[in-house]
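So you can see what is in the structure, the chains are spelled out below.
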Amino acid sequence: MSGDDTRDGVSLTNLDQPLFDGAGATKRDLVDYLDRMSGLILPQLRDRPLSVLRVLRGQDPFMQKNLPKYTPDWVRRVPVWAEASRREISYALCDDRRTLLWFANQRAVEYHPTLSRAGSPDHPTHLVLDLDPPEGADFSAVVAAAGLVRRALADAGLTGAVKTSGAKGVHIVVPAAEGTTAEELAAATRALAARAERLDPEIATTAYIVADRGGRVFLDSTRAYGATVVAAYSPRIRPGAPVSFPVPWDDLDSVTPADFTLRTAPELVAGRDPWADLLPGPQALPADLVAEGRAIPVARVQAMHEGKRRARARREAG
């Protein structure tokens with residue numbers, strides 16, 4: 001079998017090389033998977049600035065946001081000002097099969113679109129809570145924490161869908177009504193995390209500093225503004241090449257993230273789009289939820305100030 005191929009005008013090379021250590025898959029497996037699943041992945045990427053995680057032979061994985069100079073002219077792109085680096089970044093818009101195949105040939109394994117569409121950075125389309133278990137925890141801990149978030153959503157009159165992150169945790173996603181601002185969505189996300197934590201603080205925590213989590217599942221409410229989230233069905237650079245995969249709420253306690261991989265996922269979708277089927281329609285965020293969240297400090301900022309305070313205390317203690 002040749003190590004090269006051409007699809008949709010894209011030259012695909014070195015297909016028989018191992019994808020990454022521990023993947024149990026080749027670059028061809030990645031290309032075949034993304035090609036087969038393109039009809040499910042592309043709707044999530046279309047018209048959204050895209051970051052990808054690439055893994056080149058003999059190198060550590062790296063996040064690529066700015067398109068390289070050798071990118072073909074037919075790859076759509078959008079300029080976005082990056083305040084942190086004080087420069088304009090040229091993000092890809094992965095709108096079609098041809099572009100997805102080009103990324104696959106670049107050994108782009110993970111696909112992280114923004115929550116907002118190009119041209120509307122102040123109006124994200126989804127609210128996302130990222131549930132991250134402590135080191136060594138069983139997936140059942142994540143399931144328990146997800147149940148708290150589901151209850152908090154129901155108490156607020158909202159519904160969401162859940163998918164494995166492809167790593168150790170899950171993402172809970174709520175489509176937001178058109179016109180929802182980034183500030184409103186960020187506030188509501190903080191409030192939902194806080195409400196879920198209050199339901200059972202022995203299981204879940206909103207503590208951003210790892211040392212403060214005490215073996216509990218972290219409810220990460222920082223996916224807002226320019227944040228990205230890995231797309232459903234995207235592979236991850238993890239042992240066994242798992243993928244982020246949608247799961248019905250009632251089935252969450254009978255699966256593990258390792259059930260969904262490059263090899264198993266195509267058969268599991270069976271010609272459907274489970275993520276599209278499970279996602280509820282866009283929802284308006286309750287005013288009281290947004291107001292509550294506005295009074296909660298942004299986790300990263302709070303953690304930064306707390307870190308400085310602790311460092312100062314250590315210095316003063318000698």
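Residues numbered from 1 in each chain as written. Predicted model: local features only at pLDDT ≥ 70, side-chain atom pairs only at ≥ 80, totals over all residues. Heavy atoms only, no water.

If you check an unreviewed UniProt entry, the chain appears there as DNA polymerase domain-containing protein from Plantactinospora siamensis.

**A short note on the nonpolar core**
Nonpolar side chains tend to gather and get buried jointly when the protein is soluble and globular. Residues Tyr33, Phe103, Tyr111, Leu131, Tyr233 and Leu252 are the most contacted members of the largest nonpolar core, which totals 87 residues. If one sorts the elements of this core by residue count, helix H4 (residues 139-155) sits on top with nine residues. Counting residues in each nonpolar core, the second largest holds five residues, with Val78, Ala82, Ile89 and Tyr91 among its members. (Core = buried A, V, L, I, M, F, W, Y, C linked by side-chain atoms within 4.5 Å. Buried < 20%, exposed > 50% of the residue type's maximum accessible area, 1.4 Å probe, protein only. Helix = DSSP H or I, 4+ residues; strand = E, 2+ residues; numbered from the N terminus.)

**Here's the deal with the packing of aromatic side chains**
Throughout the structure, instances matching the rule amount to five aromatic pairs. Here the aromatic rings of Trp102 and Phe103 are separated by 5.1 Å at their centres, their planes lie at 65 degrees, and the arrangement is edge-to-face. With respect to class, Trp102 is no different from Phe103; both count as buried. Between Tyr233 and Phe245 the ring centres are 5.8 Å apart and the planes differ by 85 degrees, which places this aromatic pair in the edge-to-face class. (Phe/Tyr/Trp six-rings, centres within 6.5 Å; stacked < 30°, edge-to-face > 60°.)

**Things to note about the pairing of strand E8 (residues 126-132)**
Looking along a regular strand, one sees side chains alternate from face to face of the sheet. Taking burial as the measure, the seven residues of E8 include five buried ones, the bulk of the element. Pairing of E8 with strand E10 (residues 170-175) involves six bridges; the strand directions are antiparallel. Within E10, the position partnered with Leu131 by the bridge is Val170. (Pairing = 2+ DSSP bridges.)

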